[in-house]
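Chain and residue survey
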Amino acid sequence: MKVGDLVTMPGSCYKDENGVSVIGLIVDDNDHDSGRWHSRVGVLWLDGEGNVDWEPKEWLEVIK
């Protein structure tokens, strides 16, 4: 997973109006460890408010 990859979060409840999983763009791949059990990457979700969310890598799937 690297900066510029497009990702989805399979199984997420967040879908567009057609029921398709929301797409995000990896904007930071510095492997942030939040002190929990997951390494996280910065994702800019295309339906979001312009905020970067730190998502666990294990929850994401690269689509492009």
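In case you missed it, the structure is sitting above this.
Residues numbered from 1 in each chain as written. Predicted model: local features only at pLDDT ≥ 70, side-chain atom pairs only at ≥ 80, totals over all residues. Heavy atoms only, no water.

1. Some remarks on the overall build of the protein
If you tally the helices and strands in the protein, you get zero helices and five strands. The linear arrangement of helices and strands in the protein, starting from the amino end, is β-β-β-β-β. For the protein, buried positions account for 28% of its 64 residues. Nonlocal contacts in the protein, meaning residues at least 24 apart in sequence, comprise 34% of its contacts between residues at least 6 apart. If you sum the accessible surface of the protein, you get close to 4300 Å²; carbon and sulfur atoms cover 50% of it. (Helix = DSSP H or I, 4+ residues; strand = E, 2+ residues; numbered from the N terminus. Buried < 20%, exposed > 50% of the residue type's maximum accessible area, 1.4 Å probe, protein only. Contact = heavy atoms within 4.5 Å. Areas by Shrake-Rupley, 256 points an atom, 1.4 Å probe, with all protein chains shown as cover.)

2. A short note on the nonpolar core
Among the nonpolar cores identified, the biggest contains eight residues, and these are V7, M9, V22, I26, V41, V43, W45 and L60. The leading source of residues in this core is strand β3 (residues 39–45), at three residues. For V41, the residues in contact, after removing those within four places along its chain, are M1, I26, D28, D29, D53, W54, E55, K57 and L60. (Core = buried A, V, L, I, M, F, W, Y, C linked by side-chain atoms within 4.5 Å.)

3. Brief notes about the pattern of salt bridges
Counted according to the given criterion, the structure contains one salt bridge. The salt bridge involving D5 is made with K2; its shortest N-O contact spans 3.1 Å. (Salt bridge = Lys/Arg side-chain N within 4 Å of Asp/Glu carboxyl O.)

4. Some remarks on the pairing of β3
Counting buried positions along β3 gives five out of seven residues, so the element sits mostly inside the fold. Both β3 and strand β4 (residues 52–56) contribute to a ladder of five bridges, which runs antiparallel. The residue bridging V43 from the neighbouring strand is D53, located in β4. Adjacent in sequence and paired antiparallel, β3 and β4 are bridged by six residues, among which G50 carries a positive phi angle near 90°. (Pairing = 2+ DSSP bridges.)

Structural measurements only, silent on function.
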